[in-house]
Structures are given as structure tokens and as C-alpha cells.
Amino acid sequence: MKNTLSPLSLLNLAKLKVLLSLGFKGYLAEKGWFKAYETRSAIDERGMPIPWVTYSFIDFIRTRIRPSHDIFEFGSGNSTVFYARNARSVTAVEHDRPWYERSQALGLKNAEVLFFELEPDGTYCRSAAGKNYHIIIVDGRDRVNCCRQAVHSLTSDGVVVLDDSERPEYADAIAFLKSEGFKELPFTGMAPGVIVSKCTTVFYKSNNCLDI
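Since this is a predicted model, take the numbers as computed values, not measurements.

Draft legend 1. Quick peek at the overall build of the chain. Helix and strand counts for the chain come out as 8 helices and 7 strands. The burial tally for the chain puts 47% of its 212 residues in the buried class. For the chain, the share of sequence-separated contacts (at least 6 apart) that also reach a separation of at least 24 residues comes to 51%. Here the chain has roughly 11,300 Å² of accessible surface; of this, 55% comes from carbon and sulfur atoms.

Laid out in C-alpha cells, this is it:
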């Protein structure tokens, strides 16, 4: 008896062929997504450290950071390396002792990593106080309170970046920043090694350091 494939089976085979080809060509391969997935780390196609945020935001921010910019991060890691390559200085805060020690060991000359115990609405979310930063990136814990405190530590042209801004639990942070006069610019899509769509949002005012 002759074995024939149904149109549905042919369609499934075509889908499989396309999926298998993605590791060699196309957007995901060009971005280094498969390397990031295999190593469970945020790296690009050359194996260089990048933030664990959406690729669309990475494409945007890498050409907007200036050597005169000071950046603060809630959370640290490969993103700290990426920002330190492009900015004048990076200050990052960690609540996890092993991860703090790992970030400290990077030995970046223009980066400082702080450690604060995590306590909701405590010293962690206020760790940027005492200095003004051009860009404050909220990608750690206690994000709503971090956003509330970040506005007090921005330069006059400063911006706030909230990662995973699509999550319902961060709706209060978005509402607060809007109430403070910030506009939002969302960057939606895939991130290194992540199979779901997410969003990284920039909150800015008319006169901002990223020329938006």
C-alpha cells in the first residue's frame, strides 16, 4: 500500500524544517539567541555580555548611551558589563550575596557593585540616593518601590527603564511614573534565551538624555 502524507503532515514537516533552520539563519541566529539558550546566559552572537532584556531595547540603547552617561542598575550581571563598555560609570545594587560576589569579581574599572539586604521599601530600593544618574534601570527586586525612588536620583534629562513591564504586578510602577509626567516607550519581543515575548519600557520626558 502506497504511503502518502496528508496536507496537514506536509505542513507540520514544513514547520519543522523552518524551526530547524532557525539555528543557522534568520533573526534568532543573528542575535545569538541559541547561544544564550544553550549557556543560560545573556550573550550576543559573538558571545559578548548583553542585558537580559528585549533585543529591540538592546538595539535601541546601544547607540544611545554616551561616554558622559552615569547609569544605575537595580540588579547586576552581564548587563553591567554591557553598560560599562558604553557609559562613563555604572553603579549596580544586589540583594543576593553570591551574585554580588560574582559581579564584584568582574573587576570592571568604571563599575561599582553595592550590596543591600532585600527589605520591601527599605534600603535596597533607596540605594541610588545621593547621586544623580542619566539612566536608572529597574531589573531587580521590589521594582515598584525602586521606580518610586528612582525619580529622586535622576539628572534633569534622566530616564527610567523598567524591564518585564508587561507583568501585572508592575502596573503601579507604570501608573506612578506616568503621574510624574513621564511618557512611555515600550520595546516588546524576545530576549536572550527566552522563549516568550516580554517588554522593556523606557520612561522619559521631553528633554531626555537618549534623544527620544
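Draft legend 2. The sheet that holds strand β1 (residues 70–74), seen in detail. A sheet is described by the order of its strands in space; here 7 strands give the open sequence β3-β2-β1-β4-β5-β7-β6, paired in mixed fashion. The strands lining the two open edges of the sheet, one partner per strand, are β3 (111–115) and β6 (183–189). Taken over all neighbouring pairs, the strand axes of this sheet differ in orientation by 15 degrees on average, direction set aside. Of the pairings in the sheet, the one linking β1 to strand β4 (residues 133–138) comprises 4 bridges and is parallel in character.

Draft legend 3. Looking closely at helix α8 (residues 171–179). By the burial criterion, the buried members of α8 are Ala173, Ile174, Phe176 and Leu177. The buried residues of α8 occupy an angular sector of 160 degrees when projected down its axis, which confines them to one face. Along α8, the residues that are exposed and aim more than 90 degrees away from the buried face are Asp172 and Ser179. On the buried face of α8, the contacting elements are α7 (143–150), β5 (154–163), β6 and β7 (198–204). Looking at the residues trailing α8, positive phi occurs at glycine 181, about 95 degrees.

Draft legend 4. The arrangement of a nonpolar patch on the surface in detail. Among the surface-exposed residues, Tyr37, Ile195 and Val196 lie close enough to one another that they form a single nonpolar patch of about 340 Å² accessible area. Mapped onto the elements, tyrosine 37 comes out in helix α3 (residues 33–39). Judged by its relative accessible area of 48%, tyrosine 37 falls in the partly exposed class.

Draft legend 5. Quick look at the pairing of β1. Buried residues dominate β1, accounting for 5 of its 5 residues. Burial of the side chains of β1 extends over both faces: Asp70, Phe72 and Phe74 are buried on one face and Ile71 and Glu73 on the other. Where β1 and strand β2 (residues 89–94) come together, 5 bridges link them in parallel fashion. Bridge pairing in β2 links phenylalanine 72 to threonine 91.

Draft legend 6. Here's a closer look at the pattern of salt bridges. The full count for this structure, using the stated rule, is 11 salt bridges. For aspartate 211, the salt bridge identified is with arginine 66, shortest N-O distance 3.9 Å. Taken together, the residues span a long stretch of sequence, with aspartate 211 in the segment after β7 and arginine 66 in the loop between α4 (55–61) and β1 at a distance of 145 residues. Residue aspartate 211 is classed as exposed on the basis of its relative accessible area, which comes to 58%. Note on arginine 66: relative accessible area 32%, which makes it partly exposed.

Parameters and conventions
Residues numbered from 1 in each chain as written. Predicted model: local features only at pLDDT ≥ 70, side-chain atom pairs only at ≥ 80, totals over all residues. Heavy atoms only, no water. Helix = DSSP H or I, 4+ residues; strand = E, 2+ residues; numbered from the N terminus. Buried < 20%, exposed > 50% of the residue type's maximum accessible area, 1.4 Å probe, protein only. Contact = heavy atoms within 4.5 Å. Areas by Shrake-Rupley, 256 points an atom, 1.4 Å probe, with all protein chains shown as cover. Pairing = 2+ DSSP bridges. Axes fitted to C-alpha atoms, helices over the stretch in contact; angles between N-to-C directions. Arc of directions from axis to C-beta. Patch = residues over 30% accessible without salt bridge, like charges linked within 9 Å, V, L, I, M, F, W, Y side chains within 5 Å. Salt bridge = Lys/Arg side-chain N within 4 Å of Asp/Glu carboxyl O.

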